[in-house]
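The lines below spell out each chain.
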Amino acid sequence: MKTYKKVYERICSLENLALAYKKARKGKSKKDYVLEFEKNLEENLLNLQRELIEQTYNPKPLRSFIIFDNDSSEETRELIKKKYPKIDLIYSYKNEGYGRAVNYALQYAFKKYKSKYFIITDQDVKVERGYLNKLVEFMEINEDAAFTQPLSLQISDPTRIYSAGHIYKKNGRCFTIKKIDKNKIFTEIPSGSILCSIIRASSLRKVGLIDERFEIYYESSDWGFRFREEGFKNYCLYISKVYHEREQKKSTPFQMYFVLRNMLLFWAKHNKSIFKKCLNNYKKRLKKIEMSIKKKKRVNDPFLLSEYHALKDSINNFSNISIITEPKISEFNNKMYLIDFFNKKYF
């Protein structure tokens, strides 16, 4: 019987790792993850060699799950850790708002897993079996796609569409698409709903993360427009389906505030002509509300108060907005929040 000496040393040699890399990249030289690895090829090979020698190498999982717990109860966190011990849990003791929480989770995922794609979902969504595979296959075929959302249906009535993307009216308002062409399996959209959508990491590196000034509402509209401005496309894939619990009924005062406030910021960033029309309409409407309020001793209508504050805040804050650089996906700070993560050796 033949014996082979120093086999593991040969496997770990830089010469062998470089050869293995060349074989692995065949037919994939233009793929995002290959281009990313090549940016620091020598450093990446040296890190791989060190992990192999120290026997700490651990292949990255094909799919990883991360939860950002935005100031829920201690009991909720303990239940998550007990039931799902291999899920990465990030939590904050104060509510950071939707945009900041999503951004940090994306930065964490990119830092730890070097993911090619990201899926962002909320707790009130159920998915159809195979929905994710369909999204990934679509992104692999359509390399111009930065963002693809599944067809979102109502859980209470699956024949009703919750969102098939966004549509914009002449007055600047954004609405979700409720009707689709059943002869198509996908369509290009100006922007889409974030829930359960897939986003390409290389697009995020170029475009940046969510503009945290939006907090909620119009943040995905802004993302979609920024993707398109950089030459990417947004799609809705009809054959990939998810089900949303929340009904779209009459807005609450809370929703009204952010929708009105953020619409002005959105158009200030993306279309000066629509922005000016919106700003003029906002000023006229605010003047009418102020005159109405002066005539009353007390205002008890929460919707009127919400509209008043939204108009006033948006005019004061966004009439002359400053150009900002949105957070970058590579700007991870592991000291910002408390993290219980699987495979703690990584950091």
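**Some thoughts on the overall build of the chain**
Looking only at helices and strands, one finds twelve helices and twelve strands in the chain. Counting only C-alpha atoms and orienting by the principal axes, one finds that the chain spans roughly 100 × 50 × 40 Å. A burial count over the chain gives 41% of its 347 residues as buried. A separation threshold of at least 6 residues defines the contact pool for the chain, and within that pool the share at least 24 residues apart is 73%. About 21200 Å² of surface is accessible on the chain, with carbon and sulfur atoms providing 53% of the total.

**Quick word on the packing of helix α10 (residues 253-270) against helix α11 (residues 272-294)**
The geometry of α10 relative to α11 is characterised by a closest axis approach of 7 Å and an angle of 150 degrees between their N-to-C directions. Relative to α11, α10 is oriented roughly antiparallel. As α10 packs across α11, the resulting crossing turns out to be left-handed. Across the interface between the two elements, L260, M263, L264, W267, A268 and H270 from α10 touch K272, I274, F275, C278, L279 and Y282 from α11. Of the residues contributing to the contact of α10 with α11, the split by class is ten nonpolar, one polar and one charged.

**Looking at the nonpolar core**
Counting 29 residues, the largest nonpolar core has Y218, L264, F266, W267 and Y282 as its most contacted members. Looking at this core, the elements that each hand over two or more residues are α10, α11 and α12 (302-318). The next biggest cluster of nonpolar side chains, apart from the first, holds 19 residues, and it includes I199, L204, V207 and I210.

**A closer look at the environment of S203**
Tracing the sequence through the fold places S203 in helix α8 (residues 201-207). The class for S203 is buried, based on a relative accessible area of 0%. Taking C-alpha positions, S203 is 24 Å from V242, a pair spaced 39 residues apart along the chain. Excluding anything up to four places from it in sequence, S203 contacts A145, A146, G208, F227 and F232.

**Focus: the packing of aromatic side chains**
Summed over all chains, the structure comprises 17 aromatic pairs. Between Y168 and F225 the ring centres are 5.3 Å apart and the planes differ by 70 degrees, which places this aromatic pair in the edge-to-face class. Highlighted residues: Y168 in strand β7 (residues 166-168) and F225 in helix α9 (residues 219-229), separated in sequence by 57 residues. By relative accessible area, which is 19% here, Y168 ends up buried. Residue F225 is classed as buried on the basis of its relative accessible area, which comes to 13%. One aromatic cluster in this structure is built from Y168, Y218, F225, F266 and W267. Geometry around F225 places R228 over its ring, the cationic atom sitting 4.9 Å from the centre.

**Brief notes about the pairing of strand β10 (residues 197-200)**
Of the two faces of β10, both are covered, the one formed by S197 and I199 as well as the one formed by I198 and R200. Pairing geometry for strand β3 (residues 117-120) and β10, over four bridges, is antiparallel. Residue pairing across strands places I120 opposite S197, the latter belonging to β10. Relative to β10, strand β5 (residues 145-154) runs antiparallel, the two being bridged by two bridges. Bridged to F147 within β10 is I199.

**Notes on the pattern of salt bridges**
Enumeration over the complete set of coordinates arrives at 18 salt bridges. Linking K233 and D144 is a salt bridge whose minimum nitrogen-to-oxygen distance equals 3.6 Å. Placement of the pair is K233 in strand β11 (residues 233-244) and D144 in the loop between α7 (131-141) and β5, with a sequence separation of 89 residues. Note on D144: relative accessible area 27%, which makes it partly exposed. Residue R213 pairs with D211 through a salt bridge whose shortest N-O separation is 2.9 Å. Via salt bridges that share partners, D211, R213, D222, R226, K269 and E326 belong to a single interconnected network.

**Side note on the side chain of E307**
Tracing the backbone shows E307 in helix α12. With a relative accessible area of 16%, E307 lands in the buried category. Looking at E307, its side chain comes within polar contact range of the side chain of R285, at 2.8 Å. Not counting the four nearest positions on each side in its chain, E307 is found in contact with M256, L260, R285 and I289.

**Here's the deal with helix α4 (residues 41-54)**
Spanning 14 residues, α4 covers 20 Å between terminal C-alpha atoms, matching the ideal 20 Å at 1.5 Å per step. For α4, the set of buried residues is L45, Q49 and L52. The buried residues of α4 all sit within an arc of 65 degrees when viewed along its axis, so they share a single face. Phi for Q55, located one or two positions after α4, is positive at around 55 degrees.

Calculation notes
Residues numbered from 1 in each chain as written. Predicted model: local features only at pLDDT ≥ 70, side-chain atom pairs only at ≥ 80, totals over all residues. Heavy atoms only, no water. Helix = DSSP H or I, 4+ residues; strand = E, 2+ residues; numbered from the N terminus. Buried < 20%, exposed > 50% of the residue type's maximum accessible area, 1.4 Å probe, protein only. Contact = heavy atoms within 4.5 Å. Areas by Shrake-Rupley, 256 points an atom, 1.4 Å probe, with all protein chains shown as cover. Axes fitted to C-alpha atoms, helices over the stretch in contact; angles between N-to-C directions. Parallel < 35°, antiparallel > 145°, perpendicular 65-115°, else oblique. Left-handed = near helix turned anticlockwise from the far one by under 90°. Nonpolar A, V, L, I, M, F, W, Y, C, P; charged D, E, K, R; others polar. Core = buried A, V, L, I, M, F, W, Y, C linked by side-chain atoms within 4.5 Å. Phe/Tyr/Trp six-rings, centres within 6.5 Å; stacked < 30°, edge-to-face > 60°. Lys NZ or Arg CZ within 6 Å of the ring centre and 35° of its normal. Pairing = 2+ DSSP bridges. Salt bridge = Lys/Arg side-chain N within 4 Å of Asp/Glu carboxyl O. Polar contact = N/O pair within 3.5 Å; in protein donor to acceptor, adjacent residues only side chain to side chain. Expected span 1.5 Å × (residues − 1). Arc of directions from axis to C-beta.

Keep in mind that these numbers describe shape and distance, not what the molecule does.
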